[in-house]
Amino acid sequence: ASLARRTKVMAQVTRYFCAVGKVQNVMFRQTLMRGAQRRGVRAGASNSKGDRGEVTFTLCGPVAAVQEIVDFLRSCRPLNSWGAKVTQLEEQSAGTPVEAHQVHTGNVDGFHWKQGVEMFL
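**Q** Looking at this structure, I do not really get the pattern of salt bridges. What am I missing?
**A** Oppositely charged side chains may form a pair once their charged atoms are brought near each other. Throughout the structure, instances matching the rule amount to four salt bridges. Of the charged contacts, one joins Glu 91 and Arg 15 as a salt bridge, the two residues approaching to 2.9 Å between their closest N and O atoms. Of this pair, Glu 91 sits in strand 4 (residues 85-92) while Arg 15 sits in strand 1 (residues 12-22), placing them 76 residues apart in sequence. The exposure class of Arg 15 is buried, given its relative accessible area of 13%. Taking the shortest distance from any N to any O, the salt bridge between Arg 39 and Glu 68 comes out at 3.0 Å. In this pair, Arg 39 is assigned in the loop between helix 2 (28-38) and strand 2 (42-47) and Glu 68 in helix 3 (residues 63-74), connecting sequence segments 29 residues apart. Of the residues examined, Glu 68 reaches a relative accessible area of 44% and is grouped as partly exposed.

Conventions and cut-offs
Residues numbered from 1 in each chain as written. Predicted model: local features only at pLDDT ≥ 70, side-chain atom pairs only at ≥ 80, totals over all residues. Heavy atoms only, no water. Salt bridge = Lys/Arg side-chain N within 4 Å of Asp/Glu carboxyl O. Helix = DSSP H or I, 4+ residues; strand = E, 2+ residues; numbered from the N terminus. Buried < 20%, exposed > 50% of the residue type's maximum accessible area, 1.4 Å probe, protein only.

Shown next, in the form of structure tokens:
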């Protein structure tokens with residue numbers, strides 16, 4: 001029983017998404033990275049070049065932690081005090097590897113983010 005329990009806890013997943021909503025110029029990517037870091041999830045996100053209301057992202061980590069982030073995004077609640085909000089979340093069958101995104105949990109601290117945002121994720 002304990003081996004089965006450990007296996008379940010250690011189960012990892014990689015999932016790919018396209019988020020639509022108020023997701024650019026509102027600290028969405030940084031908020032997503034910080035929320036992922038707090039949950040032990042590796043994440044990466046890139047702004048869509050053709051649509052300012054769209055961001056693609058990848059989540060990789062423990063199944064329950066990844067699902068917790070997805071559930072929060074699907075709730076349509078604000079992610080931060082700047083009004084970042086997902087109105088539509090589409091899961092994709094394939095996507096960009098975490099580290100190939102513009103911003104990811106490994107490089108998020110190297111950016112000069114604007115100050116004064118409260119993160120809810």
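Moving on from the model shown.
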